[in-house]
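Descriptive structure summary
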Amino acid sequence: MAFLEHLLHPEYLDLLYFCTIGVLFSCLISFLPALHIYNVIGIFLLVILKFEATMAPMQLVSLCIGMIVGYSILNTVPATYFGPGDESLSYYILPSADWLAKGRGYESIILTGVGALGGIIALAVMAPLFLLFLPGLKTITSPHMFWIIGAVISYAVLSEWPKGISQSDSCWANFLEGWKFLGVGLITFLLSGLLGFIVMAKTMVPVDFAFQSITPVFVGLFAIPWLITNIINIGAIPKQHESPSMELDWDLVVRGTFGGFLGGFFAAYVPIVTAGVGGLMAGHATAQRDGRLFVMSYGTCKTVYYVGSFLLFFIPGLSLTRGGLAWIVTPVVSVLTMKEYAMFVALMLFSAGISFLLLMPFTKLCIKMVEKIPYHWVSVIALILVIPGVYSFTGWGGMAIMAVATGIGLLPVMFQARRMNLMGVLLLPVCLNMAGYGNDVLRFLGLI
Amino acid sequence: MKGFTHFISGIAVASFFPQAVHMASQEQSFILCLGGIFGIMPDTLDFKFARYFHKSDFEIRPDPDNLDARVIAEGVANAIRKAIAEGRGTVQLHTMQLASNRWRSYTLGFDSTTSEVVVEIGPEVDTGQIPFEGTELKDPVRANARVKVDCEFFQQFDKKSQIAIMTGPCFEFVKRPTGKVEIVFLPWHRTWSHSFTLGLLIALLVGIFTYFTVPAGPHPELYTIPRWLLYPLIILFGSMVHIIEDSTGFMGNNLFYPFTKDRTNGMGLMSAAEAIPNFLFVWSSVIAILYNLDRFRWAPQDTPPGIENPWNFFFWFYFVPLAIMAYYFFKGKREKAEKKESKNRPVDFDGQTSVERETDASII
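These notes cover the structure that comes with them. (Residues numbered from 1 in each chain as written. Chains lettered and ligands numbered in written order. Predicted model: local features only at pLDDT ≥ 70, side-chain atom pairs only at ≥ 80, totals over all residues. Heavy atoms only, no water.)

Counted by the stated rule, this structure contains 44 aromatic pairs over all chains. Centroid distance F110 of chain B to F173 of chain B: 5.6 Å. Interplanar angle 70°. Geometry classified as edge-to-face. Residue F110 of chain B is located in strand β4 (residues 102–111), and its partner F173 of chain B is located in strand β9 (residues 170–175); the two are separated by 63 residues in the primary sequence. By the burial criterion, F110 of chain B is buried, and F173 of chain B matches it. Pairing F329 of chain B with F330 of chain B gives two aromatic rings, centres 5.3 Å apart and planes at 75°, and the pair type is edge-to-face. Owing to a relative accessible area of 16%, F329 of chain B belongs among the buried residues under this scheme. Three or more aromatic residues joined by ring pairs make a cluster, and in this case those are F130, F133, F261, F265 and Y269 of chain A together with Y291, F313, F314 and F317 of chain B. We note R322 of chain A situated over the ring of Y269 of chain A; from NZ or CZ to the ring centre the distance is 5.7 Å. Its end group placed over the ring of F132 of chain B, R102 of chain B keeps NZ or CZ at 4.0 Å from the ring centre. (Phe/Tyr/Trp six-rings, centres within 6.5 Å; stacked < 30°, edge-to-face > 60°. Helix = DSSP H or I, 4+ residues; strand = E, 2+ residues; numbered from the N terminus. Buried < 20%, exposed > 50% of the residue type's maximum accessible area, 1.4 Å probe, protein only. Lys NZ or Arg CZ within 6 Å of the ring centre and 35° of its normal.)

Residue and element names in this part refer to chain A. Following the criterion strictly, the structure yields zero disulfides over all chains and no others. Of the cysteine sulfurs around C27, a residue in no disulfide, the closest is that of C366, at 9.4 Å. Assessed through its relative accessible area of 13%, C27 is described here as buried. (Disulfide = S-S within 2.5 Å.)

All right, on to helix α11 (residues 250–269) of chain A then. One turn of the α-helix equals 3.6 residues, which is why residues spaced by three or four share an orientation. End to end, α11 of chain A covers 27 Å across 20 residues, agreeing with the expected 28 Å (1.5 Å per residue, within 8%). The N-cap of α11 of chain A, judged by a side-chain oxygen 3.2 Å from the amide nitrogen of D251 of chain A a few residues on, is D249 of chain A. (Expected span 1.5 Å × (residues − 1). Polar contact = N/O pair within 3.5 Å; in protein donor to acceptor, adjacent residues only side chain to side chain.)

This part is about the pairing of strand β2 (residues 88–93) of chain B. Residues and elements named next belong to chain B. In terms of burial, β2 is largely enclosed, as five of its six residues are buried. In terms of handedness, the path from strand β1 (residues 58–60) via helix α4 (residues 69–86) over to β2 forms a crossover that is right-handed. Two strands pair when backbone bridges link them, and β2 and β9 are joined in this way by five bridges, in the antiparallel orientation. Following the sheet pairing, T90 is matched in β9 by E172. (Right-handed = clockwise from strand over helix to strand, strands pointing away. Pairing = 2+ DSSP bridges.)

Before going further, it helps to spend a moment on the interface of chain B and chain A. Listed as interface residues are 54 residues of chain B and, on the opposing side, 46 residues of chain A. Here chain B and chain A share an interface that buries about 4,400 Å² over both sides, 71% of which is from carbon and sulfur atoms. Remark: the boundary between chain B and chain A carries one salt bridge. For D169 of chain A, the salt bridge goes to R61 of chain B, with nearest N and O atoms at 3.2 Å. (Contact = heavy atoms within 4.5 Å. Buried area = accessible area lost by both parts, 1.4 Å probe. Salt bridge = Lys/Arg side-chain N within 4 Å of Asp/Glu carboxyl O.)

Helix length check: helix α2 (residues 13–31) of chain A, at 19 residues, gives a terminal C-alpha distance of 28 Å against a target of 27 Å (1.5 Å per residue), a fit within 8%. Within α2 of chain A the residues assigned to the buried category are L15, F18, C19, G22, V23, S26, C27, I29 and S30 of chain A.

Next up, the structure:
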């Protein structure tokens, strides 16, 4: 009881204020085309940290909780209507584009939102249990993390199946047709991995913005190819139906949340693995096929990934720093106790509530925008904003990296291979570095 | 089973070798991934290689500008007639691509009660198999056809095959001693690639290679199995676990190819596409991996365990989830059976099979 009184003390009301500000700010962040949340928060904190004397550490953490929870729930909206910002979103965006083309974008977003809310509730329910089993899990898996990432890579590569219609009389022609897609996938993965090694070993980004060194890579790999595709391929999107109700039952909610939670937790726990990769693996592990189930499960997965990785950082005594946001707040948060952990969970639930309430008006606003503005112009404007944006933070070096990454990012788009292969940019170098082979590769490439 | 199920089961099998766990934690070896890779390998061989080199006796390429269901049905019937005369006949059905995202669909079924091949030309569909309104064939004579053959059918899946997008299916017809003609779906799948013999052969070749190339490694006195033998054993057991898992379904495998000619039927305990059976195998593998990584940790006397009480661990993390899965599995089965009874429809001839709705090739 004393603990509850302590938590509900008016002195903590300011945290709710900062949380709300964070959620509102996440609406704006979600609109920024093609930028990953961690990069935006990084830039934001550069400004905020100048005022760190006036902000208590927990206030900053509340702001971050609001931003990450809000972003994880609300980013689906602009991603659906204007294009995905990162790999975690691009996994979702292809099925979502299908719904959008049928005028069901609103329905898809609300389903994702329900999934996201389910994910937050599941995280809150699991929060006390994390205290019990995560220390053991960490003890078991810590020496093995490199091969777990290696297994993720192996599965991602092996689980891509050939495409094509195989109608030639020649077996070899059919074989080459099928392998064209697989080959492009493999080449994409290897080239992305090579780019990752180069960027991590010898970044061309100015030292002042070294924390943004991965931004031009992500913009080039994921955002620009998507924007270019939109400009070339898509005309006006069909009229969007704002359905007053939705076909949904508890069975679907439970199954979607369960599958998504598994994928999101795996992605949050294992370094470098994103919600896209985690979602794919969990989807296969739980044999999901229903389209609604996929969309909802994706909502859970990305929310659990984004918020869960931040939550892991606050588990007392665990020292599990996963995800960019945890690294960003590390300098300001020195002591972590049960009080901070409980507050995190409470603020996470509060932010999720506000974000979910914002989801419907936010979606309707976006629908109005895409109905008024021609769709491909949105992509043109986004492209015009992104390129100078990258230049302003990373200079000509960043532009060069972005140009190379764009070339690689266009490969899966043009040859209908999996975009997930682009995650080789992080998976391959980090896996080999963790295994201790990173320097050998760098030496082989002449980078050291 | 899903590809992921086979993959993680392969890793779980590899984790039962203490030396492999030690190699992973102490020498940064990826040896445990080898189990996963060979766990998914049989399907990789089938869907990335074998399918392209299978030649059918008959190939049906329907002309989208001159659609006629009878032509297709006659083509399939010819393959059945060949099987009646010669013992076996195969037919490959091709899809009709009209534009990058537009296909003409058709269905093929085998009506066991009347011994007829049934073909229906369907609407045009997009790659997501969503039909375009008003694209159905207007002429009913050309849109539907039934061609009778002089034999009885024996088939595992009494449902229509939807042929619409990407690569069409292949069927083999085999005359059985009873006189019935068995309809074999995808005859190139689950044959040599899903046999113990291939697993043994690969393991043998790898074993010869590792015998000459892999050194004993540190602390050989700790292990009963020499290090060179570890690789072929992980490969063998990884591919065997795939075959065993597939045998729990309906399609089965050709276990001793080339000594046996045909696929045996599976045990039929569960469908490969079902969520709970797949998750059961995945969860069992995860639990086995965690338990093995913990019990085979290096220097156990100096390192605290991650699992302090194995009984608690298995009770809370395995038996409780197992009980929940069993509850939902049997509840689902009961509800399905009740639904079937209430509709009084013994065979759903018109619906797609769950396999046909599947996007992950490895569950077939």
